[in-house]
Amino acid sequence: MLLKNILSDFPALSRTIKGNRIVYLDSAASTLKPKQVIDKLSRFYLENYANVHRAVHTLASESTQMLEFSRKNYANFLNASEHEIIFTSGTTMSINLIVESLVRSKMLNENDIVLTTLVEHHANFVPWLRLSKLHGFRVEFVEPSLRFGSINIDDFLKKDINPKVVAVTGHSNVTGQLIDIEKIRNIFPNSILIVDGAQLIPHQRIDVKGLDIDFLCFSVHKMLGPSGVGVLYGKSQYLETLEPFLYGGEMIDKVSVEDVTFNVLPYKFEAGTPNIGGIVGANYALEYLNNIGFDEAKKHILDLTKYAIEKFRNIENVEVYGPLDKSHCGILSFNIDGVHPHDVAHLLDEKFGVAIRSGHHCAQPLMNVLKSQSRLSQFPNSTCRASFYIYNTYEDIDILIEGIKRIKEWFNVQ
């Protein structure tokens, strides 16, 4: 069992809530931060901080070097080139940047097709939908046809279309299903492949060159790092030709009253002062995870998932969503018959110290799918969601299960 020796790295886990120790099962929303990352980030702000790329004094040079070192490490992590790594404010900003830039550059035009799915987070759904209304391209959707919101990759083959863009999540934030990106790329070898890696990247390394991914986005706060930092990988061939989404300082080469020219990559897409401390802290988070080992971390999370699935199988009148097979990783969404998810989440926190998420998880189209597939007497258009990370244990899951059983008793769910 991994990680008994790292629990002390996360001070939040030593807290108690009304006599119960915190059981943090909301890492899909945002992970806890190890004190090693916090301490190094604090030291950076105290000793090294200055604005980057703009001055030659010592502090500015140190800050710039540390920020660029983070870019280098994330490039190595993804098997990319440094100039292909763009820092943004998060996955949402990264996807909006891609969509806007494609439209502005006339690479996505009227009657072009964007193919996505109904399991997407709103961040990879709403930008395509709204911009299609304004610019005339068409959005097609692959619907989940397997168990409770799970995607069947063969359903992509049934789409008799030639999409200009295929935009998919690599890991559902509701069902916990890992999506086979390699198979999708093989089905659509000529499409621009955009992967929402917000849930995927915290669990495993991705070789963007090996998988021939054109754009990949993820957020550092879901992998032990600070909030407000996103990583956007883009192939040079696209980044060189795309019109930037944001204009301003640092992304400019020359400005005249006639027009402007843009800075070289990656700075062309990094307008304004970046989240310097957050980007430096992102490197500390990656170093922490690399020291643990992504393969070992993923195995631990898969073991926890398998254990939790088996525990849930023995509870009647609790519906668990997703594939419940080897593609199921780190996230379990569920509902108790007749009990609203918000009530479940509140009672788990109040009575057992268990932190889970409740709601539609920014995936309302998928909630409608689950509602149509649900066997519950009343589906509330939302679910409870427990999500696991490297600091969770089998005991955490046992406490969650005990809490669910007690809530069923309180609500007289047989």
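The structure presented is a predicted model; accordingly, all values stated were derived computationally and were not measured.

Caption draft 1: Geometry of the packing of helix α1 (residues 35–47) against helix α8 (residues 276–292). Taken N-terminus to C-terminus, the directions of α1 and α8 make an angle of 145°; their axes are 9 Å apart at the nearest point. Considering how the two elements wind past one another, α1 and α8 form a crossing that is right-handed. Where α1 abuts α8, its residues Gln-36, Val-37, Lys-40, Leu-41, Phe-44 and Tyr-45 lie against Ile-276, Gly-277, Gly-278, Val-280, Gly-281, Tyr-284, Ala-285, Glu-287 and Tyr-288. A class-by-class count of the residues in the contact of α1 with α8 yields nine nonpolar, four polar and two charged.

Caption draft 2: Up close: the sheet that holds strand β13 (residues 318–320). Here we have four strands laid out as an open sheet, ordered β13-β14-β17-β16, and antiparallel in their pairing. Where the open sheet ends on each side, the last strands, each with one partner, are β13 and β16 (357–359). Strand-to-strand twist of the sheet, defined as the mean angle between neighbouring strand axes without regard to direction, takes the value 30°. Relative to strand β14 (residues 331–336), β13 runs antiparallel, the two sharing three bridges.

Caption draft 3: Spotlight on empty space enclosed by the protein. Going through the model one piece at a time under the given rule, you end up with one cavity of 30 Å³ or more. Of the voids in this model, the largest cavity is the one considered here, and its volume is about 60 Å³. Lining the largest cavity are Ser-27, Ala-28, Thr-31, Gln-199, Pro-202, His-203, Lys-222, Gly-330, Ile-331, Ser-387, Phe-388 and Tyr-389.

Caption draft 4: Representation of the pattern of salt bridges. On inspection of all chains with the given rule, the structure shows 20 salt bridges. Here Asp-26 ties to Arg-385 by a salt bridge, and the two come within 3.8 Å at their closest N and O atoms. Of the two residues, Asp-26 is situated in the loop between β3 (23–24) and α1 and Arg-385 in strand β17 (residues 383–387); the sequence distance between them amounts to 359 residues. Beyond isolated ion pairs, a larger network of salt bridges with shared partners links Arg-185, Asp-212, Asp-214 and Lys-235.

Caption draft 5: Seen up close, the state of the cysteines. Considering all chains together, one arrives at zero disulfides under this definition. Not part of a disulfide, Cys-329 finds its nearest cysteine sulfur in Cys-217, a span of 20 Å. Classification of Cys-329 by relative accessible area gives buried; the value is 0%. The closest cysteine sulfur to the non-disulfide-bonded Cys-384 is located on Cys-362, 16 Å from its own sulfur.

Caption draft 6: View of the nonpolar core. In terms of nonpolar packing, the biggest core is built from 76 residues, with Leu-78, Leu-216 and Ile-390 touching the most fellow members. Those residues in contact with Leu-216 that lie beyond four places of it in its chain are Leu-78, Val-195, Gly-197, Ile-201, Ile-206, Val-208, Val-231, Leu-232 and Tyr-233. Within the second largest apolar cluster, 30 residues are counted, among which are Ala-308, Ile-336, Leu-348 and Val-354.

Caption draft 7: Summary view of the pairing of strand β4 (residues 85–88). Side chains Ile-85 and Phe-87 of β4 all project onto a buried face; the interleaved residues Ile-86 and Thr-88 project onto the opposite face, where all are buried too. Across four bridges, β4 lies against strand β10 (residues 230–234) in antiparallel orientation. Of the residues in β10, the one forming a bridge with Thr-88 is Gly-230.

Caption draft 8: Looking closely at α1. In this model α1 runs 18 Å from its N-terminal to its C-terminal C-alpha over 13 residues, within 8% of the 18 Å that 1.5 Å per residue would give. Turning to α1, the residues buried within the fold contact α2 (58–78) and α8.

Caption draft 9: Structural context of the sheet that holds strand β7 (residues 165–169). In space, the seven strands of this open sheet follow the order β4-β10-β9-β8-β7-β5-β6, with mixed pairing throughout. Both edges of this open sheet fall to β4 and β6 (138–142), since each of them pairs with a single strand only. Each strand axis lies, on average, 20° off the axis of its neighbour in the sheet, ignoring direction. Two strands pair when backbone bridges link them, and strand β5 (residues 113–117) and β7 are joined in this way by two bridges, in the parallel orientation. The partner of Leu-115 across the bridge, within β7, is Val-166. Sitting on the sheet, helix α4 (residues 126–135) is in contact with β5, β6, β7 and β8 (192–196), with an inclination near 150° to β6.

Caption draft 10: Structural context of the packing of helix α10 (residues 341–352) against helix α12 (residues 394–410). At their nearest, the axes of α10 and α12 sit 10 Å apart, and the two run at 115° to each other. If you check the angle between α10 and α12, you find them roughly perpendicular. Pair α10 / α12 crosses with right-handed handedness. Packed against α10, whose contacting residues are Val-344, Leu-347, Leu-348, Lys-351 and Phe-352, the element α12 presents Ile-399, Leu-400, Gly-403, Ile-404, Arg-406, Ile-407 and Trp-410 at the interface. Classifying every residue of the contact of α10 with α12 gives nine nonpolar, one polar and two charged.

What counts as what
Residues numbered from 1 in each chain as written. Predicted model: local features only at pLDDT ≥ 70, side-chain atom pairs only at ≥ 80, totals over all residues. Heavy atoms only, no water. Axes fitted to C-alpha atoms, helices over the stretch in contact; angles between N-to-C directions. Helix = DSSP H or I, 4+ residues; strand = E, 2+ residues; numbered from the N terminus. Left-handed = near helix turned anticlockwise from the far one by under 90°. Contact = heavy atoms within 4.5 Å. Nonpolar A, V, L, I, M, F, W, Y, C, P; charged D, E, K, R; others polar. Pairing = 2+ DSSP bridges. 1 Å grid on protein atoms, 1.4 Å probe; cavity = no way out; pocket = protein on both sides within 12 Å on 5 of 7 lines; lining within 4 Å. Points joined across faces, edges and corners; volume = space filled by probe spheres on them. Salt bridge = Lys/Arg side-chain N within 4 Å of Asp/Glu carboxyl O. Disulfide = S-S within 2.5 Å. Buried < 20%, exposed > 50% of the residue type's maximum accessible area, 1.4 Å probe, protein only. Core = buried A, V, L, I, M, F, W, Y, C linked by side-chain atoms within 4.5 Å. Expected span 1.5 Å × (residues − 1). Parallel < 35°, antiparallel > 145°, perpendicular 65-115°, else oblique.

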